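Summary of the model geometry
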Amino acid sequence: MPLDHETTLKHLFEARQRLSAAAWLIVRDAQAVEDLFQNVALKSVTKTVSFEHEGALLSWAR
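Calculation notes
- Residues take numbers from 1 onward in each chain, read along the sequence in its written order.
- The predicted origin of the model limits local features to residues at a pLDDT of at least 70 and limits the giving and counting of side-chain atom pairs to 80 or more, whereas totals for whole chains, interfaces and linings rest on all residues.
- The basis for every side-chain value is the complete set of heavy atoms in the structure, and neither hydrogens nor water enter the calculation.
- Each helix corresponds to a stretch of at least 4 residues labelled H or I by DSSP, and each strand to a stretch of at least 2 residues labelled E; elements are numbered beginning at the N terminus.
- The globule rule is 2.2 Å times the number of residues to the power 0.38, and the radius of gyration it is compared with is taken over C-alpha atoms.
- Only protein chains enter the accessibility calculation, which uses a 1.4 Å probe; a residue whose area is less than 20% of its type maximum is buried, one above 50% is exposed, and one in between is partly exposed.
- Should any heavy atoms of two residues lie within 4.5 Å, those residues are counted as being in contact.
- Among the buried residues, those of types Ala, Val, Leu, Ile, Met, Phe, Trp, Tyr and Cys that are joined through side-chain atoms within 4.5 Å form a nonpolar core.
- All axes here are fitted lines through C-alpha atoms, helices being fitted over the stretch that makes contact, and every angle between N-to-C directions spans 0 to 180 degrees.
- For classification, angles of less than 35 degrees are called roughly parallel, those exceeding 145 degrees roughly antiparallel, those between 65 and 115 degrees roughly perpendicular, and all remaining angles oblique.
- Left-handed describes a crossing whose near helix is turned anticlockwise from the far helix by less than a right angle; the clockwise case is right-handed.
- To count toward a patch, a residue needs a relative accessible area over 30% and no salt bridge; like charges are then connected within 9 Å, while nonpolar side chains (Val, Leu, Ile, Met, Phe, Trp, Tyr) are connected within 5 Å.
- Reported accessibility uses the Shrake-Rupley method at a 1.4 Å probe radius. Residues are deemed covered only where the shown protein chains occlude them.
- The term salt bridge refers to a side-chain nitrogen of Lys or Arg lying within 4 Å of a carboxyl oxygen of Asp or Glu.

Attention shifts here to the overall build of the protein. Of the regular secondary structure elements, the protein holds four helices and zero strands. Counting from the amino terminus, helix and strand elements in the protein follow one another as α-α-α-α. Taken over C-alpha atoms, the radius of gyration comes to 11 Å for the protein, in line with the 11 Å a tight globule of 62 residues would show. Taken along the three principal axes of its C-alpha coordinates, the protein extends 35 × 20 × 15 Å. The burial tally for the protein puts 26% of its 62 residues in the buried class. Residue pairs in contact within the protein that sit at least 24 positions apart in sequence constitute 60% of those at least 6 positions apart.

Now the structure itself:
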C-alpha cells in the first residue's frame with residue numbers, strides 16, 4: 001500500500017536535516033537548500049508517483 005500524503009510529509013520532515021545536508025554539499029547556499037526541500041516536499045505529494053515505503057521516498061528525495 002503506498003504512503004499517504006501525511007505519512008510522506010512526516011518521513012520527509014523527519015529526514016529534513018539529512019536531506020538538507022546533502023543538498024548543502026552541492027549548492028552551498030542556505031536559501032537554495034530551503035527552496036529545494038520545499039520543492040521536494042511539494043512534488044512528493046502532488047506528483048502522480050507513489051511511494052511504497054520510506055526508503056523509496058527518501059531515495060527519490062535525494
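Looking now at the side chain of histidine 11. Inspection of the secondary structure assignment puts histidine 11 in helix H1 (residues 5-14). Sequence-distant contacts of histidine 11, that is, excluding residues within four places in its chain, are made with Leu3, Glu54, Leu57 and Leu58.

Counting residues in hydrophobic clusters, the biggest one holds ten residues: Leu12, Ala15, Leu19, Phe37, Val40, Ala41, Phe51, Leu57, Leu58 and Ala61. Of all the elements in the fold, those that place two or more residues in this core are helix H3 (30-46) and helix H4 (54-61). Residues within four places of phenylalanine 37 in sequence aside, it is in contact with Leu12, Phe13, Arg16 and Leu19.

Turning to the packing of H3 against H4, a few remarks are in order. Interaxial distance between H3 and H4 falls to 11 Å at its minimum, and their mutual angle equals 130 degrees. Considering the angle they form, H3 stands oblique to H4. Relative to H4, H3 is oriented so that their crossing is right-handed. Residue-level contacts link Val40, Lys43 and Ser44 of H3 to Leu57, Trp60 and Ala61 of H4.

Before going further, it helps to spend a moment on a nonpolar patch on the surface. A cluster of nonpolar residues, Trp24, Leu25, Ile26, Val27 and Leu36, forms a patch on the protein surface that exposes about 500 Å² of accessible area. As for its position among the elements, valine 27 is in helix H2 (residues 16-27). The class of valine 27 is partly exposed, set by a relative accessible area of 34%.

Just geometry here; none of it tells us what the structure is for.
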